[in-house]
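# Topology and contacts: notes
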Amino acid sequence: MSVDPSPIAARGVLFAERGVDEAQAPTVEIVVPVFNEERALPGCIATLHARLRDELPFPWRITIADNASTDRTLAVARELAAQLPNVAVVHLDRKGRGRALREVWGTSDAAIVAYMDVDLSTGLDGLLPLLAPLASGHSDLAIGSRLAPGARTVRGPRRELISRCYNALIRLTHGARFSDAQCGFKAGRTEALRPLLTTTQDDAWFFDTELLLLAEFNGLRIHEVPVDWVEDVDTRVDVLRTAREDLRGLWRMRQLKRSGAARVAIPARPEPAAQHPEAVLAPAAGRDRLRWELGCFAAIGAVSTAGQALLYWLLRLWWPPAAATFVSLVVLTVLNTEASRRLTFRAAATPPGRAHLGAGLLFLVGYLVTSGAVLAFRAWEPGASIGAETVVLIVASLAVTVVRFVVLRSFVFRRAAA
């Protein structure tokens, strides 16, 4: 890797004019990875440089990361660095956006690092909202999202469908809470990112997804910014090849999490504390994890039991007891498990697959117990009404629920050691 620094303007004068204390303001390095972009690069850097110069209230630097281009991209980048202040060039001998970002971000002296695609498909109006939560220390990563509420996109149905399916697959297989993994508009606090960079392995397009999954798995706070995004059809992305690599990457990340190798040492974030000096806080015992889990599980269990009873009562109008019990249990078990994963045992960060597999095994036990109870009751009282059967089902379900909580907490949603 070689670096070509440009003449850097006198930052003290520049930020004194804006009323910003340079000693306190975080520095920002924005990386633009490029491969054979001699046509698009000048317009990108000129536009980005003007916006940063006129609007960004932090010391900043643009770094053009050339990924082994075979055209005049590197020469054009060096010409731009010579003409514009606060522009630098990094040349890498091998291709790969992930490789470029890992190299530049990993050696950056800036407090905040970011990147954007050279086509500027993402509107630059989202840049300051992207950087602000990082500069304040509120968040660790910030990502532009084309799928978040408020985002506006102009792109063809093919890319829209692929993007939505891919992000749905990430949520399904990893339980991810971010909405858009691959928008080329991301930033992070260097202190928080650097430990993750040592664990990332992908050198190409999956790097974004890998970084976000690692960040979420290690408890970093991710801020999403709904963006305006306009598709540029002059792209270097091989969609089918990228899709195959992404699927392999998702499987690799799943194995990495299971082995524990995805756990990295992250600087600890202070625990939440009341800001008002006279705030009246609940006793610490009232905020302990077990009490939260019991209360939340009981509430979800009550709703689930009522829902199962209602569904069973409706299904019994057409189906025999065993079938009605089975279907009502399946539907409510899926909903109950997802609620438990997102609310009751949210601190465990258990992947959806493991959560539903464990709950599925408990479902079999619950089905046998509840069905056996209803069938035994009918054998004992053949003329019993559907209402009486429903009461028996509720009692059996409550007993199963107690056992279910103990097993879920002890095994399925067991928290990893800190």
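Residues numbered from 1 in each chain as written. Predicted model: local features only at pLDDT ≥ 70, side-chain atom pairs only at ≥ 80, totals over all residues. Heavy atoms only, no water.

Turning next to unusual backbone geometry. Generally, phi is negative for residues other than glycine and the peptide bonds are trans, each holding for most cases. If you check the backbone angles, Ala 68 has positive phi at about 60 degrees while not being a glycine. Note on placement: Ala 68 falls in the loop between strand 3 (60-67) and helix 3 (73-83). For Ala 68, a relative accessible area of 17% translates into the label buried. At Leu 120, a position not held by glycine, the phi torsion is positive, near 50 degrees. Its location among the elements puts Leu 120 in the loop between strand 5 (112-116) and helix 5 (127-135). (Helix = DSSP H or I, 4+ residues; strand = E, 2+ residues; numbered from the N terminus. Buried < 20%, exposed > 50% of the residue type's maximum accessible area, 1.4 Å probe, protein only.)

With that settled, the discussion passes to empty space enclosed by the protein. In the structure shown here, the tally under the stated rule is three cavities of 30 Å³ or more. Taken as a whole, the largest cavity holds about 240 Å³ of empty space. What lines the largest cavity is a set of 17 residues, among which Gln 308, Leu 329, Thr 333, Thr 401 and Arg 404 lie closest to the centre. For the lining of the largest cavity, the elements supplying multiple residues, two or more each, are helix 10 (289-315), helix 11 (321-344), helix 12 (352-380) and helix 13 (386-412). Ranked by the residues each element gives to the lining of the largest cavity, the list is headed by helix 12, at five residues. (1 Å grid on protein atoms, 1.4 Å probe; cavity = no way out; pocket = protein on both sides within 12 Å on 5 of 7 lines; lining within 4 Å. Points joined across faces, edges and corners; volume = space filled by probe spheres on them.)

Among the secondary structure elements, Ala 399 is positioned in helix 13. Sequence separation between Ala 399 and Val 369 is 30 residues; the distance between their C-alpha atoms is 9.1 Å.

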